[in-house]
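Listed here are the chains, written in short residue letters.
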Amino acid sequence: MQLHVSPSLRHVTVLPGKGVREFIKVRVGPRWASYRMLFYSLLFFTFLVRFIFVLSTVDTIDGHHSKCSTIGCLGKRIAPKILGRRIQSNVPEVIYRILDEPVSEDEVQGKSDIPQTLQDFMAEIKESSTSDSKSFALKLRKMVILLEQRTRKAKIQEYLYRHVASSSIPKQLHCLALKLANEHSNNAAARLQLPSPELVPALVDNSYLHFVLASDNVLAASVVATSLVKNALRPQNFVLHIITDEKTYAPMQAWFSLHPLAPAVIEVKALNQFDWLSKGKIPVLEAMEKDQRVRSKFRGGSSAIVANNTEKPQVIAAKLQALSPKYNSLMNHIRIHLPELFPSLNKVVFLDDDIVIQTDLSPLWDIDMNGKVNGAVETCRGEDSFVMSKRFKSYLNFSHPLIANHFDPNECAWAYGMNIFDLEAWRKSNITLTYYHWLEQNLKSDLSLWQLGTLPPGLISFHGQVRVIDPFWHMLGLGYQDNTTLSDAETAGVIHFNGRAKPWLDIAFPQLRPLWAKYIDFSDKFIKGCHIRAS
């Protein structure tokens, strides 16, 4: 095809080929249009004609021998090539049909001829003299089903092992508790009154800064207490109230008697020593008993959960986590009764035992609570999208009308672990009653409102009563993901090992454990005697 343009741009001639008669001849009038515009328009037209010619030729070579006598036919012929080569898939329909069939549980059981790897699969296909699309799809289907079943089984086993590892008490911690209990019974210095008599008035003095720690883990409590006091600018103003259970009281008292943290004031008290807990029916205890009965009946234990062949591994992991003893621990529920446990105090900071304090916490008392009860860090925004992406829908079941009718699924969640509680404002509210009301509703619905822990009822009962504080004061996620770097964690005021990988367990993340271990004296005779090591 040739294009001839006269020097004056008055004549433009298009020839389809050499020696062929004139195909298009145009005389350009000076008044009708710009010469330059017409020149580029015809140049584009020439290119389009040649493009259609080439596509039609290729289409004929590919095997489309039928002739097109209309523009519509030509459009149908070339449009798939212009818009994406072909509209229809080149994969035979039989492959789709076979791969889309429902999977049977025993489809691959007892079969020894299933390829184990991609190399085995390709070798069988190449060696087979009768291989067609159907046999290809059947072999591929069996291999994928087999590998999928093995992957699922391995993933569930991993979740089960993690559940066992995180729920069990390491022998080193058990050893430490036994040695300290023995010391408590044989050594008068391990049975000191905490605090000493002259410091007892500080326990109800609101001019001090009061912290509350509930734990039945002596080593974890020692790290929280040590990190709190060592990073304080004025530790003489700090009072730490340690609440524990009856069986851990002797080891806990022995540890803090033999390892004083003066000038801070340390109180160690067992739950049975609180007057409030010895009067009448205790809602938290009744709720725990009901919760345990419902969970035992509803869940069926870890064996029943793992044996379920229909649920996804992530769902099984969540159900295993719900069986964790901490979710039915009195230490985990007791925070909802802080106003009753400390009737003389106006404000406290509540600490979990899996945190490490890395800065002075005195400025928390300067935060204006704006009439709110709970000062907490939000968990729906931040640089770490894995950890800081939690909203109400992450914890509550919005398919249940009781939840859907009362709350917004996209409302930002907040975290337990390091919370400022204004006890004066709390006593004027109905937070505790709301907590138990929704706990009862969840038990009545067979745990269908939520399944895990004390945070979901906390989100409900403190709804509208949360004062958001700076994320610096509480960095989360160090116990269930290893995306957090050591340098990032070192910049936070408080770091929280929430999750299964607690720093005192073997499954802790090794790059993060030193942030916790630095507050343990590994030369201490009790630590050495129980073979507790830094890594």
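The structure reproduced in this document is the subject of the present report. (Residues numbered from 1 in each chain as written. Predicted model: local features only at pLDDT ≥ 70, side-chain atom pairs only at ≥ 80, totals over all residues. Heavy atoms only, no water.)

### Overview of the overall build of the chain
Point 1. For the chain, the count of helices and strands is 20 helices and 12 strands.
Point 2. Looking at the 535 residues of the chain, the share that counts as buried comes to 45%.
Point 3. For the chain, the proportion of contacts with a sequence separation of at least 24, taken over those separated by at least 6, is 71%. (Helix = DSSP H or I, 4+ residues; strand = E, 2+ residues; numbered from the N terminus. Buried < 20%, exposed > 50% of the residue type's maximum accessible area, 1.4 Å probe, protein only. Contact = heavy atoms within 4.5 Å.)

### Examining the state of the cysteines
Point 1. On inspection of all chains with the given rule, the structure shows 2 disulfides.
Point 2. Covalently, C175 is tied to C530 through a disulfide, its sulfur atoms 2.1 Å apart. Given an S-S torsion of about -80°, the disulfide between C175 and C530 has left-handed geometry. Here C530 lies in the segment after α20 (525-529) and C175 lies in helix α6 (residues 171-186), a separation of 355 residues in the sequence.
Point 3. Disulfide pairing is shown between C380 and C412; the S-S distance is 1.9 Å. Here the S-S torsion is close to -105°, and the disulfide linking C380 with C412 is therefore left-handed. Of the two residues, C380 is situated in the loop between β9 (374-376) and α14 (401-404) and C412 in the loop between α14 and β10 (418-422); the sequence distance between them amounts to 32 residues.
Point 4. Residue C380 is classed as buried on the basis of its relative accessible area of 8%.
Point 5. Exposure remark for C412: the relative accessible area of 14% places this residue in the buried category. (Disulfide = S-S within 2.5 Å.)

### Let's talk about the pattern of salt bridges
When charged atoms on two side chains of opposite charge get close, those side chains can pair.
Point 1. One pass over the structure, following the stated rule, counts 4 salt bridges.
Point 2. K247 is paired through a salt bridge with D245; the nearest N and O atoms lie 3.6 Å apart.
Point 3. Its relative accessible area of 17% is what places D245 among the buried residues. (Salt bridge = Lys/Arg side-chain N within 4 Å of Asp/Glu carboxyl O.)

### Looking at the packing of aromatic side chains
One pair of aromatic rings is described through two measures. These are the centre distance and the angle between the planes.
Point 1. Taken as a whole and judged by the stated rule, the model has 13 aromatic pairs.
Point 2. Pairing W426 with F462 gives two aromatic rings, centres 5.3 Å apart and planes at 75°, and the pair type is edge-to-face. Here the residue W426 occupies a position in helix α15 (residues 423-427), and F462 occupies one in the loop between α17 (455-461) and β11 (466-468), the gap between them amounting to 36 residues. The two residues W426 and F462 agree in class, both being buried.
Point 3. Each ring, one from W504 and one from W516, has its centre 6.1 Å from the other, and the planes form 50°; the classification is tilted. Here the residue W504 occupies a position in the loop between β12 (494-496) and α19 (514-517), and W516 occupies one in helix α19, the gap between them amounting to 12 residues. (Phe/Tyr/Trp six-rings, centres within 6.5 Å; stacked < 30°, edge-to-face > 60°.)

### Some details on the pairing of strand β5 (residues 238-244)
Point 1. For β5, the tally of buried residues reaches 7 of 7 residues, placing the bulk of the element in the interior.
Point 2. Of the strand pairs in this sheet, strand β4 (residues 209-214) and β5 are connected by 6 bridges, and their pairing is parallel. Bridge assignment links L213 to a residue of β5, and that residue is I242.
Point 3. The β-α-β motif built from β4, the intervening helix α7 (residues 218-230) and the parallel element β5 has right-handed crossover chirality.
Point 4. For β5 and strand β6 (residues 265-270), the ladder comprises 6 bridges, and the chain directions are parallel. Paired with V239 across the bridge in β6 is V265.
Point 5. The parallel pair β5 and β6, bridged by helix α8 (residues 246-258), forms a crossover whose chirality is right-handed. (Pairing = 2+ DSSP bridges. Right-handed = clockwise from strand over helix to strand, strands pointing away.)

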